[in-house]
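Architecture and fold: a report
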Amino acid sequence: MRKRAFSLILFSFLLIYALPAGAVYKEERKWQDEIIYSLMIDRFNNGDTKNDKDVDVKDPLAYQGGDFAGITDKLDYIKDMGFTAIMLTPVFDNEDGGYHGYWVNDFYNTDEHFGTMDEFKQLVAEAHKRDMKIILDFVVNHVGPNHPWVNDPEKQDWFHEKKGITNWNDQSEVETGWVYDLPDLNQDNRETRKYLLDAAKWWIQETDIDGYRLDTVNHVSKDFWRDFSKAVKEEKKDFYLIGEVRADQPTVIADYQETGIDGFMDFPQNASMRDAFSKPDQSLNFLFTELDRNKKMFTHPELLGKFIDNYNMTRFTHEIAANKENPETRWKLALTYMYTTPEIPIIYYGSEIAMNGGNDPDNRRFMGFNADPVLMDYITKISEIRQKHPALMKGELELLHVNDSSAVFKRTFEDDTIVVVINNSSKSQTIDLDADKLGNDKELRGLVEYDLVRNNDGKYSIIIDREKAEIYTLSDKSGLNIPYLVVTGVVIFVFVIFIVFILKRSKRNRSFQ
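Residues numbered from 1 in each chain as written. Predicted model: local features only at pLDDT ≥ 70, side-chain atom pairs only at ≥ 80, totals over all residues. Heavy atoms only, no water.

Thoughts on the packing of aromatic side chains
In plain terms, the rule: Pairing of aromatic side chains requires ring centres within 6.5 Å, counting the rings of Phe and Tyr and the six-membered ring of Trp. Pairs whose planes differ by under 30 degrees are stacked, by over 60 edge-to-face, and all others tilted. Strands here are runs of E lasting at least two residues and helices are runs of H or I lasting at least four, both read from the DSSP assignment and numbered beginning at the N terminus. Remark: exposure states derive from per-residue accessible area (1.4 Å probe, protein chains only) relative to the maximum for the residue type, with buried under 20%, exposed over 50%, and partly exposed in between. Only when the NZ atom of a Lys or the CZ atom of an Arg is both within 6 Å of the ring centre and within 35 degrees of the ring normal do we say a charge sits over the ring.
What the rule picks out here adds up to 35 aromatic pairs. Seen in terms of ring centroids, F138 and Y212 are 4.9 Å apart; in terms of plane orientation they differ by 55°. Their pairing is tilted. Here F138 is found in strand β5 (residues 133–138), whereas its partner Y212 is found in strand β6 (residues 211–214), with 74 residues between them in sequence. You'll find F138 and Y212 in the same group, each marked buried. Directly above the ring of Y77 sits K74, whose terminal nitrogen or CZ lies 5.7 Å from the centroid.

So, in structure tokens, the structure goes:
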């Protein structure tokens, strides 16, 4: 009887606290809603020491032991931070020394250092059980330096003539030259093209992956990418393609969207974010100028990937440290911007511990799970905020204020409005917003620092500390919620009557014993 009474008591309290909750956003998840965790397989987690061939943890250019089993073991770790997709470096069998995955030896096998095909399938299946997607890096531009095809007389026309790139403004050279002296595949050869397309389709059929990150897109002809996009999208509904076009000018990147590739790594934003957030008192204005430009140049700007770190550049923490700044403070501002502006956030492994690292291979250090997770709680919090508010994934962006070191912007989707304040200054600031931009009978409720701002004489005055950010939800001005109080009172009254009844019945039962 007591257990039953306790259950009913618990139910009553849960009912009370559930009453004021708003409607949950349940529209089918799209790629623009994802938050991606990017990792290098060999450098993440060693889950199976039996495949530790050639491992030398003292040599940064040698295998470190990361594998599929290690990633599977850490799926809950990744999911708990709010990530909904994982982007992996290539899994294909590589030549000796190809710990990074980009010296492909066999497109139809996994690398023995990472694990078996069955272990990779298990990784994908376990991710899907957790409602997480897997994006696989696919390389079509080149193979490993000593690939058997290179010396096969029957495969000579599978490659472009061995030569470097001397004129990077000559697209023909860019597409046919050997990058980093790696054998450059000739996708115009019918057999080569068929082999690559068949392999790309095979991985989808065999493993049920959800997307490809396409390496060195601008080194391969658009004609090939059109065929590639069509082929893989026929294999699986909503299969996502994100391309790597290393270019400072968005016009160069946007030129490839006609190929059917969904989104691209946003390199211009990467450079701008590093300039803006690696030290204080930097203007944020150009960041929003670029977002506005992307909106005009791309058919689907929401499918671009916003990143501040990857395996080809020094770690963001390295730049912060070089400026003698606090990594935690600087990272929080950058992350807030990444999670609250349009495009898909892509976070490089180790960012949650503010991992340091210089040039390759120092930027590919083994993940330190025992290190202080200085940013893990913050990433978790802003992930929750992003996923609860459709305005942050689908909403239009309106810049309300910007000066030399701070910005305020609003994002709105249907009845959900979010206001974000970023103070990139070394001094506290007071920012006044006209009430006509937000509404007179509203209030701003902070979701990070829990600040509350109300309309005062036609102004919303936001006081923000130095190097801080806040994410506000725009809500109706709070006051007495009469319907809620009435319902709550009824529930409490019924609850008290029930307890009295239980106590009297219990007392009566004891008197008969």
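Topic: the packing of helix α9 (residues 267–277) against helix α10 (residues 285–297)
Rules: Under this scheme, a helix contributes an axis fitted over its contacting stretch, all axes are lines through C-alpha atoms, and angles between N-to-C directions fall in the 0 to 180 degree range. Oblique is the label for every angle not falling under 35 degrees (roughly parallel), over 145 degrees (roughly antiparallel), or within 65 to 115 degrees (roughly perpendicular). Note on convention: near helix rotated counterclockwise from far helix by under a right angle means a left-handed crossing. Clockwise means right-handed. Residues are treated as being in contact if the distance between any of their heavy atoms lies within 4.5 Å. Three categories are distinguished: nonpolar for Ala, Val, Leu, Ile, Met, Phe, Trp, Tyr, Cys and Pro, charged for Asp, Glu, Lys and Arg, and polar for the others, with Gly belonging to the last.
In the contact formed by α9 and α10, the axes pass within 10 Å of each other and the chain directions differ by 165°. Relative to α10, α9 is oriented roughly antiparallel. Both α9 and α10 take part in a crossing whose hand is left-handed. Contact residues: α9 offers P268, Q269, S272, M273, A276 and F277, while α10 offers F286, L287, E290, L291, R293 and N294. Grouping the amino acids of the contact of α9 with α10 by side-chain chemistry returns seven nonpolar, three polar and two charged.

Section: the sheet that holds strand β10 (residues 344–348)
Which entries qualify depends on this criterion: Should DSSP find at least two bridges between two strands, the strands are taken to pair.
An order of β8-β7-β6-β5-β2-β1-β10-β9 is seen for the eight strands of this open sheet, with the pairing classed as parallel. Both outer strands of the open sheet, β8 (263–264) and β9 (305–307), are each paired with one neighbouring strand and no more. When β5 meets β6, the two strands line up parallel, connected through four bridges. Bridged to D137 within β6 is R213.

A short note on the layout of surface pockets
The probe, sized like a water molecule, is rolled over the atoms to show the empty space still left. As a reminder, the rule being used: Only protein atoms enter the calculation, which uses a 1 Å grid: trapped sets of points that fit a 1.4 Å probe without letting it out are cavities, open sets showing protein on both sides within 12 Å along at least five of seven lines are pockets, and any residue with an atom within 4 Å of a point is a lining residue. Grid points are joined across faces, edges and corners, and a volume is the space filled by probe spheres set on the points.
There is about 750 Å³ of room inside the second largest pocket. Along its surface, the second largest pocket is lined by 26 residues, and V179, Y180, T216, R246 and N312 are the ones closest to its centre. Its residues placed into classes, the lining of the second largest pocket shows 12 nonpolar, nine polar and five charged.

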